[in-house]
Amino acid sequence: MYAVVLLVCCSWVALLCPSVQAYENLALKKPAWQSSTEMSYNGAELAVDGLYTDLSWDGGQCAWSVGGQTTAEWGVDLGGVKYIHHVFIQYATDNWVWDEYNGYTGYFLGFSVYISNTTNKEDGVLCFRDTIYTRATIPNPVNITCPYHGRYVIYYNNRTHPPYPEGYSYDVYIELCEVEVYGCPTPGRYGENCSLLCPENCHCDVIDKTCVECVPGYKGHLCYEECGGHTYGLECKQSCGNCSGGVQCDHETGSCPKGCDAGLYGDKCDLECGGHTYGLGCKQSCGNCSGGVQCDHVTGTCPNGCVAGMSGDKCDLECDGHTYGLGCKQSCGNCSGGVQCDHVTGICPNGCVAGMSRDKCDLECGGHTYGLGCKQSCGNCSGGVQCDHVTGICPNGCVAGMSGDKCDLECGGHTYGLECKQSCGNCSGGVQCDHETGSCPKGCDAGLYGDKCDLECGGHTYGLGCNQSCGNCSGGVQCDHVTGICPNGCVAGMSGDKCDLECGGHTYGLECKQSCGNCSGGVQCDHVTGSCPKGCDAGLYGDKCDLECGGHTYGLGCKQSCGNCSGGVQCDLVTGICPNGCVAGMSGEKCDLECAGRTYGVECKQSCGNCSGGVQCDHVTGNCPNGCDAGMYGDRCDLECGGHTYGLGCNQSCGKCSGGVQCDHVTGICPNGCDAGLYGDKCDLECGGHTYGLGCKQSCGNCSGGVQCDHVTGICPNGCVAGMSGDKCDLECAGHTYGVECKQSCGNCSGGVQCDHVTGKCPNGCDAGMYGERCDLACGSYKYGVECKEVCGNCSNGIPCHHVDGSCPSGCDAGAYGVTCKESCGNCSNRDTCNDVDGSCPYGCDVGVYGKTCDKACQSGRYSISCAKACGQNCQGCNRFNGVCEFGCQPGWTGTFCEKRKVFAMTMKTSRFLLNWWIFNRSSTELFS
């Protein structure tokens, strides 16, 4: 286990560490308990309900215990053993500023947090105990790092050992508005996303997978070693029982693989024989040992002798010879017939002489009995006194319901009770009621119930014995207790005087006034809801069969599909016919037939082209699936070959015919001669012999190396002299090039102008980020921009900025932000560094400031971290850092935070004046009223 518990990330606001954001709140809405509850709206469950916007005791969001206690405990059941990372606690503030003047701080001081696998905190580990805070320093809320595993998280505080540190309260409360337990919900996992598996056999640390504890049966640093030395279980601290043959028990469960030694039993052989058994497998029985103790689990002997009535080493022999009791040393009385008395109690099995009773026949009859063997019963005598043990006569009369000298006669004549003076109720059939209570033995007349038949039927019953049920009366009222009629009608779906008949005749609902839909087969719909039990007629659907088929379906159950109707409209819901015809390529009443007969398109009115082999074209587009006849092309084979092609599939090339006309689409012959640079019937031969152009009649210039120029344009294939370009080498270099064959690239000239076509120099300077005569050198020495005159900002680790725009490739140094890292961070919480892109503070602002970059002073009426707190409601303006009302209080209020109401001190003279003023005004009111 961990030896140190760290308290981290505490602050005056609910800020969590960045490294714990991925953990799950395991306590949310889990079962919770507390040692006591102040009010019904202060239950323990409010501390895990996810709500803590109202931090007052009566706001309905905080758990609260009864005051005046020396100890207070609250706990939550996580539902199983979980891997915990940290615990968040939000204590009550009564919505006041949390500082040394807040009365709740003294009750928070000294608290502890435990993690346990039982509801007893002493069975677990102490995660944190406050010993350092004061009323001025204790944070709220607080985050407590607690890297343990357990099922129960327990908050505890006490005031049991005075004197207490300064500022501590004298009693303790539970005043918890929220407790959040963050960790991994799945056992055996760790890491920020709880996505990593712990080592095998290991309960690992939720952060770094260190084995905090091994699973039962294993030990060692990495939990690889099984328990040995006759130990097992958690941390190998449990000892094995006495396994047969002295073998090692199971390292996890402690069970013995080959059974137990004599006198022991159980999976772990750690239980001695009991239940008056002993020996191997506890299969031998011993007698009853004195005091109910177990006989020796091995030999079966009783250590302290036998119970009364038994004898022998194993106490398995009963007393005889007219003896009984402990050690068989007591003698029996004179039992009837001289038989042996009971060996344990001495009781005579066949009774005593007349008039005597009890086990030893030495007591007079009692318990309302008399005579021989006390077997005759006398009545119940008044006051519970015993009748005469010989005659049975009651000395002071009888109890209620009885009569006669011996009080053995029940009341009759429809009477009951004391001296049979009370009259019975209306019993069914006029029979006699119970002689003591007046209850009727065979029930009541119709419409009545109760022991005395004096209550009318209720609970939707009526009639004889209230055994008949009436229907559901409207408004839930009771039907007539005799007839069962409902006074105000029936609930929906029921009818009849007694509301016991379901709606019929294709009706349903209230008073059966709603009509059913078109149910299949004309069956009755549900009498309450109107739904059809066996589906709908063709073309309809829905519980009540009141909806028409849609979505291109029709017919019974809307299970048949119709074709694609024109305009996407729905087909007829019964027949499936399309009302406005079909989409392109489809035909038939239901638009479910494709076009045929070499047709396609809308209504199949368009004819296919010349498809190869005369096959049918595509019914929608008219495309030919296997290509076209010779000389034709296109998806529909309705176009003659073009683009200087001809023949089958237009796959043969013709030359470039004069005027750009197409060659014959079948033969490839050009009708009007050839384009420049070509000759031959099909114009598929290029000019040669240093000629080019129309009819190959033009001569080329002097190309480099004397090679043939282009047969059409006369262009030299190997370029021109230095500084020149163009097909005929008559143009200066352009496009940011210069030099021989214009192969050298200009630098980045300002404004994108062309450099000198011979030297490559830029006439008007360079683009931003570049320098040099040819503008081909990037800025250096932490400079950027036009002419490299701009200085880089505070880039991270001193890395140079981008030479063009000054941006920092790896972000900014601490305290700087922006594209060029020239902006300074605002006042971030805890002096944190701001985001180096937009300047935002990752964990909020410091006290007194707010805004995205934490550079704005708090607005009027706000203060504290990120200006998150409002000034006191009676404050005329507070300090933006600490909330002190430095501009004064509203009239009638005082104190640092204007939280104290002023007391109006009235002098005797003032009180006398106000009394006289009140008397005068009252008299004037009465005078003029």
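Residues numbered from 1 in each chain as written. Predicted model: local features only at pLDDT ≥ 70, side-chain atom pairs only at ≥ 80, totals over all residues. Heavy atoms only, no water.

Observations concerning the overall build of the protein
To keep things clear, this is the line we draw: Only DSSP runs of H or I with at least four residues qualify as helices, and only runs of E with at least two residues qualify as strands; both kinds are numbered from the N terminus onward. Radius of gyration here is computed from C-alpha atoms only, and the compact-globule reference equals 2.2 Å multiplied by the residue count raised to the power 0.38. Buried, partly exposed and exposed residues are distinguished by accessible area as a fraction of the type maximum, computed with a 1.4 Å probe on protein chains only: under 20%, between the cut-offs, and over 50%, respectively. His is not counted, nor are the chain ends, whereas Lys and Arg count as positive and Asp and Glu as negative. For this purpose, a charge sits on NZ of Lys, CZ of Arg, CG of Asp or CD of Glu.
Of the regular secondary structure elements, the protein holds 2 helices and 73 strands. Its C-alpha atoms give the protein a radius of gyration of 53 Å, more than 25% over the compact-globule value 30 Å for 929 residues. Principal-axis analysis of the C-alpha atoms gives the protein an extent of 165 × 115 × 90 Å. By the burial criterion, 38% of the 929 residues in the protein qualify as buried. Of the charged side chains in the protein, 55 are positive and 100 negative; the average position of the first set lies 5 Å away from that of the second.

Description of the state of the cysteines
The line we're drawing: Cysteine sulfur pairs qualify as disulfides if the two atoms are within 2.5 Å.
This model, assessed by the stated rule, comprises 61 disulfides. Paired through a disulfide, Cys703 and Cys716 show a sulfur-sulfur distance of 1.9 Å. What sets the handedness of the Cys703 and Cys716 disulfide is the S-S torsion sign, and at about -75° it is left-handed. With Cys703 in the loop between strand E57 (698–699) and strand E58 (724–725) and Cys716 in the loop between E57 and E58, this residue pair connects regions lying 13 residues apart in the sequence. Of the two residues examined, Cys703 and Cys716, each falls in the buried class.

Here we look at the environment of Leu556
Test applied: Any two residues whose heavy atoms approach within 4.5 Å are treated as being in contact.
By the secondary structure assignment, Leu556 is in the loop between strand E44 (553–554) and strand E45 (560–561). Note: C-alpha distance between Leu556 and Asp675 (119 residues apart in sequence) is 71 Å. The residues touching Leu556, leaving out its near neighbours within four places in the chain, are Cys536, Asp537, Ala538 and Gly539.

Regarding the nonpolar core
So the rule is basically this: Here, nonpolar core means buried Ala, Val, Leu, Ile, Met, Phe, Trp, Tyr and Cys residues that are tied together by side-chain atoms lying within 4.5 Å of each other.
Counting 43 residues, the largest nonpolar core has Trp74, Ile89, Phe108, Phe111, Val153, Tyr155 and Leu176 as its most contacted members. If you list the elements that add at least two residues to this core, you get strand E3 (63–64), strand E4 (71–91), strand E5 (112–116), strand E6 (125–129), strand E7 (142–145), strand E8 (149–158) and strand E9 (175–184). The dominant element in this core, judged by the number of residues it contributes, is E4, at 8 residues. Those residues in contact with Phe108 that sit more than four places away from it in its chain are Ile89, Tyr91, Trp98, Ile138, Pro139, Asn140, Val142, Tyr155 and Asn157. Ranked by size, the runner-up nonpolar core spans 15 residues in total, among them Tyr23, Phe88, Cys184 and Cys223.

Brief notes about the packing of aromatic side chains
The condition is simple: Stacked, edge-to-face and tilted are the three classes for Phe, Tyr and Trp ring pairs, Trp counted by its six-membered ring, which pair at centre distances within 6.5 Å; planes under 30 degrees apart are stacked, over 60 edge-to-face, the rest tilted. Cation placement over rings: the criterion is NZ of Lys or CZ of Arg within 6 Å of the ring centroid and within 35° of the ring normal.
For the structure shown, the criterion picks out 12 aromatic pairs. Taking the centre distance of 5.7 Å and the plane angle of 85° together, the rings of Trp64 and Tyr104 count as edge-to-face. One end of the pair, Trp64, is in strand E3; the other, Tyr104, is in the loop between E4 and helix H1 (105–108), and 40 residues separate them in sequence. Across the pair, exposure class does not vary: Trp64 and Tyr104 are buried alike. Note on Tyr91 and Trp98: the rings are 6.4 Å apart at their centroids and 65° apart in plane angle, and the pair reads as edge-to-face. Comparing Tyr91 with Trp98, the two get one shared label, buried. If you follow Lys121 out to its NZ or CZ, it ends over the ring of Tyr156, 4.2 Å from the centre.

Description of the pattern of salt bridges
Which entries qualify depends on this criterion: Throughout this description, the term salt bridge denotes a Lys or Arg side-chain nitrogen within 4 Å of a carboxyl oxygen of Asp or Glu.
In the structure shown here, the tally under the stated rule is 10 salt bridges. One salt bridge in this structure joins Lys237 and Glu235, with 2.7 Å as the shortest N-O distance. For Lys237, a relative accessible area of 64% gives the class exposed. On the basis of relative accessibility, which here comes to 37%, the residue Glu235 falls in the partly exposed class. Note that Lys852 and Asp838 form a salt bridge whose closest N and O atoms lie 3.5 Å from each other. A residue pair is termed long-range when its members are at least 10 positions apart, and Lys852 in the loop between strand E68 (849–850) and strand E69 (856–857) and Asp838 in the loop between strand E67 (823–824) and E68 qualify at 14 residues. Overall, the relative accessible area of 56% leaves Lys852 in the exposed class. Residue Asp838 is classed as partly exposed on the basis of its relative accessible area of 28%.

Some words on a nonpolar patch on the surface
Our working rule: Candidates for patches are residues over 30% relative accessible area with no salt bridge; among them, like charges are joined within 9 Å and nonpolar side chains (Val, Leu, Ile, Met, Phe, Trp, Tyr) within 5 Å. Residue exposure ignores everything except the shown protein chains as possible cover, and the areas themselves are Shrake-Rupley values with a 1.4 Å probe.
On the surface, a cluster of nonpolar side chains totalling about 260 Å² of accessible area is made up of Met39, Tyr41 and Trp57. Classification of Tyr41 by relative accessible area gives partly exposed; the value is 34%.

What about the confidence of the model for the protein?
The predicted coordinates of low-pLDDT regions are not to be read in fine detail. The following threshold applies: Predictor confidence is given residue by residue as pLDDT, running from a minimum of 0 to a maximum of 100.
Overall, the prediction assigns the protein a mean pLDDT of 84, with 94% of residues at 70 or greater. Across the protein, strand E2 (residues 32–34) holds the top mean pLDDT of 98, while helix H2 (residues 908–928) sits lowest at 36. The low-confidence segment residues 1–21, where pLDDT is below 50, has 57 contacts with residues more than four positions distant or belonging to other chains. Here residues 903–929 is modelled with pLDDT under 50, and outside its nearest four sequence neighbours on either side it reaches 2 contacts, counting other chains as well.

Overview of unusual backbone geometry
The peptide bond linking Asn140 to Pro141 adopts the cis configuration, its omega dihedral lying at 5°. In this fold, Pro141 is placed in the loop between E6 and E7. Note that the residue after Pro162, namely Pro163, is joined by a cis bond; omega there is -5°. Mapping Pro163 onto the fold places it in the loop between E8 and E9. With phi around 60°, Glu511 is a residue other than glycine that occupies positive phi space.

Thoughts on the pairing of E5
Let me state the cut-off plainly: Two strands qualify as a pair provided DSSP detects at least 2 bridges between them.
In terms of burial, E5 is a largely internal element, 5 of the 5 residues being buried. Of the two faces of E5, the one holding Ser112, Tyr114 and Ser116 and the one holding Val113 and Ile115 are both buried throughout. Judged from the 5 bridges that link them, E5 and E8 form a sheet pairing that is antiparallel. Within E8, the residue paired with Ser116 across the bridge is Tyr152.

Some points on the pairing of E9
Of all 10 residues in E9, 10 are buried; the element is thus mostly enclosed. Where strand E1 (residues 24–25) meets E9, 2 bridges bridge the pair, whose relative direction is antiparallel. Residue Glu24 lies in a different strand from E9, and its bridge partner there is Gly183. Of the strand pairs in this sheet, E4 and E9 are connected by 8 bridges, and their pairing is antiparallel. Among the inter-strand pairings, Tyr91 is bridged to a residue of E9, identified as Leu176.

Focus on the environment of Cys845
Relative to the assigned elements, Cys845 resides in the loop between E67 and E68. C-alpha of Cys845 to C-alpha of Ser561: the two residues are 284 residues apart in sequence and 64 Å apart in space. Residues within four places of Cys845 in sequence aside, it is in contact with Asn827, Cys828, Ser829, Tyr850, Gly851, Cys854, Ile865 and Ser866.

Topic: the environment of Ile144
With respect to the element layout, Ile144 can be found in strand E7. Measuring from C-alpha to C-alpha, the distance between Ile144 and Val113 comes to 8.8 Å, with 31 residues separating the pair along the chain.

Here's the deal with the side chain of Arg159
Our working definition: N or O atoms closer than or at 3.5 Å make up a polar contact, with two conditions inside protein: a donor-capable atom paired with an acceptor-capable one, and, for residues adjacent in sequence, both atoms drawn from side chains.
Its place among the elements puts Arg159 in the loop between E8 and E9. For the buried Arg159, no salt bridge exists, and the shortest N-O distance to an oppositely charged side chain is 6.9 Å, to Asp171. Separated by 2.9 Å, the side chain of Arg159 and the backbone oxygen of Leu109 make a polar contact. Here Arg159 is in contact with Thr70, Gly106, Tyr107, Leu109, Tyr164, Tyr168, Ser169, Tyr170, Asp171 and Val172, once residues within four sequence places are set aside.

A short note on the side chain of His619
Residue placement: His619 occurs in the loop between strand E49 (606–607) and strand E50 (632–633). When its relative accessible area of 15% is taken as the criterion, His619 is described as buried. In this structure, His619 is in contact with Gly585, Met586, Glu594, Cys595, Thr599, Tyr600 and Gly601, ignoring residues within four places of it in sequence.

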